[in-house]
Amino acid sequence: MGVYISGNEFSVLIDGLHTEYGDDYLFPTEELVSNITTQLKPDAILFTHHHGDHFSAPLSDAFLKSNEKSVIFGPNQVTKKINASGNRIHTITTKDYIKQKITFKNAEVTGLKINHAGKRHIAIENVGYLVTIDNTKILHVGDTNWLEEIKLFDQLKLSEESIDIVILPYWMLLQEDAAELIQRYIDPKHVIATHISPRIKKQDLLELKNRYPQTHFLTKLEQQIQL
């Protein structure tokens, strides 16, 4: 689910610092982590939640130590595990669905509660992010699903945000009316699908790509998309 987003003067990394978690998840190599820390140097690291395929406290601490002007965003279950304080840590509350906007350098980062998918993860604090860079608004939803039983996206009112790009886990595309739901609840110009298992069957992936020909699918480490 890790995505690096770069503009002319500002960059963020979302869920991109973590270690090996299982066969169904890609993870950054030591070389890639080093490159993130010493070359890419994102201005902000954003974590959606504390699961091991999204977040590593030791890697986060090491990154902050090497990049003294960078900051970290995350829910309390993430930020309480990081050895930093003051204005370098921004905790997004998850008590309600109110959007929390923070202006940082030449960009805006807005965090908001977006429930984690699956009943067994009901206690997980999952945060979605709206990031505005170079007049482009990007939404990353973390590990959620449509959750129509609680009318999640009705409460979020994201279709009012004029979103340019949405980044979502590929399983949100599996529902029969997913295309309609994306348009109704988010209405983005571009869709990027992530969290795709390296063990996904080639035929299953091909069918998804054929079903959504305008969607970009992130399936490899360091894969790049220019929009």
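Figured I'd write up the structure that's included with this text. As the structure is a prediction and not an experimental result, all values here were calculated from the model. (Residues numbered from 1 in each chain as written. Predicted model: local features only at pLDDT ≥ 70, side-chain atom pairs only at ≥ 80, totals over all residues. Heavy atoms only, no water.)

Focus on the nonpolar core
Thought 1: Membership of the largest hydrophobic core comes to 30 residues, with the highest contact counts inside it found for Trp146 and Phe153.
Thought 2: In this view, Phe153 contacts Thr144, Asn145, Trp146, Leu158, Met172, Tyr185 and Ile186; residues no more than four positions away in its chain are not counted.
Thought 3: If you look at the next biggest cluster of nonpolar residues, it comprises 22 residues, including Ile5, Leu46, Val131 and Ile133. (Core = buried A, V, L, I, M, F, W, Y, C linked by side-chain atoms within 4.5 Å. Buried < 20%, exposed > 50% of the residue type's maximum accessible area, 1.4 Å probe, protein only. Contact = heavy atoms within 4.5 Å.)

Remarks on the pairing of strand 1 (residues 3-6)
Thought 1: Here strand 1 shows a buried face lined by Val3 and Ile5 and an unburied face lined by Tyr4 and Ser6.
Thought 2: With four bridges joining them, strand 1 and strand 2 (residues 11-14) adopt antiparallel strand pairing. Note that in strand 2 the partner of Ile5 across the bridge is Val12.
Thought 3: The hairpin turn running from strand 1 into strand 2, its antiparallel successor, is four residues long. (Helix = DSSP H or I, 4+ residues; strand = E, 2+ residues; numbered from the N terminus. Pairing = 2+ DSSP bridges.)

Side note on the packing of aromatic side chains
Thought 1: In this structure the tally under the stated criterion is six aromatic pairs.
Thought 2: When the centroid spacing of 6.3 Å and the interplanar angle of 65 degrees are considered together, the rings of Tyr170 and Trp171 count as edge-to-face.
Thought 3: Relative accessible area serves as the criterion here: at 24%, Trp171 is assigned to the partly exposed category.
Thought 4: Clustering of aromatic rings is evident, with ring pairs tying together Trp146, Phe153 and Tyr185. (Phe/Tyr/Trp six-rings, centres within 6.5 Å; stacked < 30°, edge-to-face > 60°.)

Side note on the pattern of salt bridges
Thought 1: Using the criterion set out here, one finds seven salt bridges in the structure.
Thought 2: The partner of Glu108 in a salt bridge is Lys101, and the shortest N-O contact between them spans 3.8 Å.
Thought 3: Among the residues examined, Lys101 registers a relative accessible area of 55% and is labelled exposed.
Thought 4: Overlapping salt bridges bring together Lys99, Lys137 and Glu161 as one network. (Salt bridge = Lys/Arg side-chain N within 4 Å of Asp/Glu carboxyl O.)

Focus: helix 1 (residues 30-40)
Thought 1: Inspection of helix 1 places Leu32, Val33, Ile36 and Thr37 among the buried residues, and these make up the whole buried set. For helix 1, the buried positions fall inside an angular range of 135 degrees around the axis, keeping them on one side. Every exposed residue of helix 1 that faces more than 90 degrees away from the buried side is listed here: Glu30, Glu31 and Gln39.
Thought 2: At its buried positions, helix 1 is contacted by strand 2 and helix 2 (57-66).
Thought 3: Just beyond helix 1, the residue with positive phi is Lys41, at close to 45 degrees. (Arc of directions from axis to C-beta.)

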